[in-house]
Amino acid sequence: MRLVMTLLVRDEEDVIEANLAHHHDHGVDFVIATDNGSVDGTVAILEAEERAGRLRLIHEPEDTYAQHRWVTRMARLAAAEHGADWVINNDADEFWFPRSGDLASTLASVPEDVDVVVAQRHNLIARPDGEPMVIRQATALQHPGLGDGPLPPKVAHRAHPEITVLQGNHEVDGLSGGTLDDGRIDILHVPVRSYAQFANKIAKGGAAYARNTELPQEVGHQWRRLHARQQDGTFDEEWAGLLLSDEAVAAGLADGSLVRDERLVGLLPR
């Protein structure tokens, strides 16, 4: 059983080392990473991993956030050139946790007629800079202030050289087997880690979506909207709305809509 993880990254130096270490510790054998124009220390970290033989680095200069094409390329390489049995298409702000064992043994135990395993995501909520991220939503919902409704899950899939990964890594095409959603894997998602990180993400990602002519306008809607708020000078109001007050956190813990989750303590920077 060989498990390969793909990563599409841009300016993730605050979290990428923790992400790589966590997933190697939890059964990932090899990583294929695409860097999309990082200007911080991300590339140096990935190059060090490549020299150690744990990672293959691809540089993607196109600035249109064509995630579906770039992740599909990596997923196909995992099958065709890196001997993968299963593939996890991941983001730097997502940490996959198996219910028991590690990720490799968890996926190895999937019935042979199943090709896709669903992993529900849960957001650790934004806190003021410097405070540990240990509070998450009890159910798979959008981060407060970043939308309403459910937070779509991600999927792991059996390796296939002609797989297609759809935008967002929520679905794949090209496999004929069944889909399993039994809670054997879940994901802690940390999309909002600091003001500087989130503002940079929106500035670059929102502009990239604006340049993309392949995707409909509703794809990346929140990134596009928040980028517009940066352009009109009202982004700080959006940021303030992402930070739950201590009173709101206490109320959420009391009513069960929020729970304390310390699985990333010691991994994420403060």
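Rules used in this analysis
- Residues numbered from 1 in each chain as written.
- Predicted model: local features only at pLDDT ≥ 70, side-chain atom pairs only at ≥ 80, totals over all residues.
- Heavy atoms only, no water.
- Helix = DSSP H or I, 4+ residues; strand = E, 2+ residues; numbered from the N terminus.
- Rg over C-alpha atoms; globule rule 2.2 N^0.38 Å.
- Buried < 20%, exposed > 50% of the residue type's maximum accessible area, 1.4 Å probe, protein only.
- Contact = heavy atoms within 4.5 Å.
- Areas by Shrake-Rupley, 256 points an atom, 1.4 Å probe, with all protein chains shown as cover.
- Lys, Arg positive; Asp, Glu negative; His and termini not counted.
- Charge placed at Lys NZ, Arg CZ, Asp CG, Glu CD.
- Phe/Tyr/Trp six-rings, centres within 6.5 Å; stacked < 30°, edge-to-face > 60°.
- Axes fitted to C-alpha atoms, helices over the stretch in contact; angles between N-to-C directions.
- Parallel < 35°, antiparallel > 145°, perpendicular 65-115°, else oblique.
- Nonpolar A, V, L, I, M, F, W, Y, C, P; charged D, E, K, R; others polar.
- Polar contact = N/O pair within 3.5 Å; in protein donor to acceptor, adjacent residues only side chain to side chain.

A. Focus on the overall build of the protein. Helix and strand counts for the protein come out as 8 helices and 13 strands. Relative to the 2.2 N^0.38 estimate, which gives 18 Å for 270 residues, the radius of gyration of the protein is 18 Å and therefore close to what a compact globule would have. If one aligns the C-alpha atoms of the protein with their principal axes, the spans along those axes are about 50 × 40 × 35 Å. Evaluated residue by residue, the protein yields a buried proportion of 51% over its 270 residues. Pairs at least 24 residues apart make up 74% of the contacts formed inside the protein by residues separated by at least 6 positions. Of the accessible surface of the protein, which amounts to about 11,700 Å², a share of 50% is contributed by carbon and sulfur atoms. Here the protein holds 25 positive side-chain charges and 44 negative ones, and the gap between their average locations is 1 Å.

B. View of the packing of aromatic side chains. A full pass over the atoms with the stated rule returns 4 aromatic pairs. Ring geometry for Tyr-195 against Phe-235: centres 5.9 Å apart, planes inclined by 65 degrees, an arrangement best described as edge-to-face. Placement of Tyr-195 in helix H5 (residues 195–211) and of Phe-235 in helix H7 (residues 235–242) is noted, with a sequence separation of 40 residues between them. Exposure remark for Tyr-195: the relative accessible area of 31% places this residue in the partly exposed category. With a centroid separation of 6.4 Å and an interplanar angle of 40 degrees, the aromatic rings of Phe-198 and Trp-239 are classed as tilted. Placement of Phe-198 in helix H5 and of Trp-239 in helix H7 is noted, with a sequence separation of 41 residues between them. An aromatic cluster is present here, built from Tyr-195, Phe-198, Phe-235 and Trp-239 joined pairwise through their rings.

C. Broad picture of the environment of Leu-253. Relative to the elements of secondary structure, Leu-253 occurs in helix H8 (residues 246–255). Take Leu-253: its relative accessible area is 39%, and that puts it in the partly exposed class. For the pair formed by Leu-253 and Arg-136, sequence separation is 117 residues and the distance between their alpha carbons is 9.5 Å. In contact with Leu-253, not counting residues within four places along its chain, are Ile-135, Leu-258, Val-259 and Arg-260.

D. Representation of the packing of helix H1 (residues 16–25) against helix H2 (residues 42–51) in the model. Contact pair H1 / H2: the axes reach a minimum separation of 10 Å and the direction vectors enclose 30 degrees. With respect to each other, H1 and H2 are oriented roughly parallel. From H1, Ile-16, Glu-17, Leu-20 and His-24 reach across to H2, where they touch Ile-45, Leu-46 and Glu-49. Classifying every residue of the contact of H1 with H2 by side-chain character gives 4 nonpolar, 1 polar and 2 charged.

E. Inspection of H1 at higher detail. Every buried residue of H1 is accounted for by Ile-16, Ala-18, Asn-19, Leu-20, His-22 and His-23. Among the residues trailing H1, Gly-27 stands out with phi positive, at a value near 110 degrees.

F. Looking closely at the environment of Asn-90. Counting through the fold element by element, Asn-90 comes out in strand S4 (residues 86–91). In sequence terms Asn-90 and Gln-142 are 52 residues apart; their C-alpha atoms lie 18 Å from each other. Once residues within four sequence positions are removed from consideration, Asn-90 is found in contact with Met-5, Thr-6, Leu-7, Leu-8, Asn-19, His-23, Trp-96 and Asn-169. Looking at Asn-90, its side chain comes within polar contact range of the side chain of Trp-96, at 2.8 Å.

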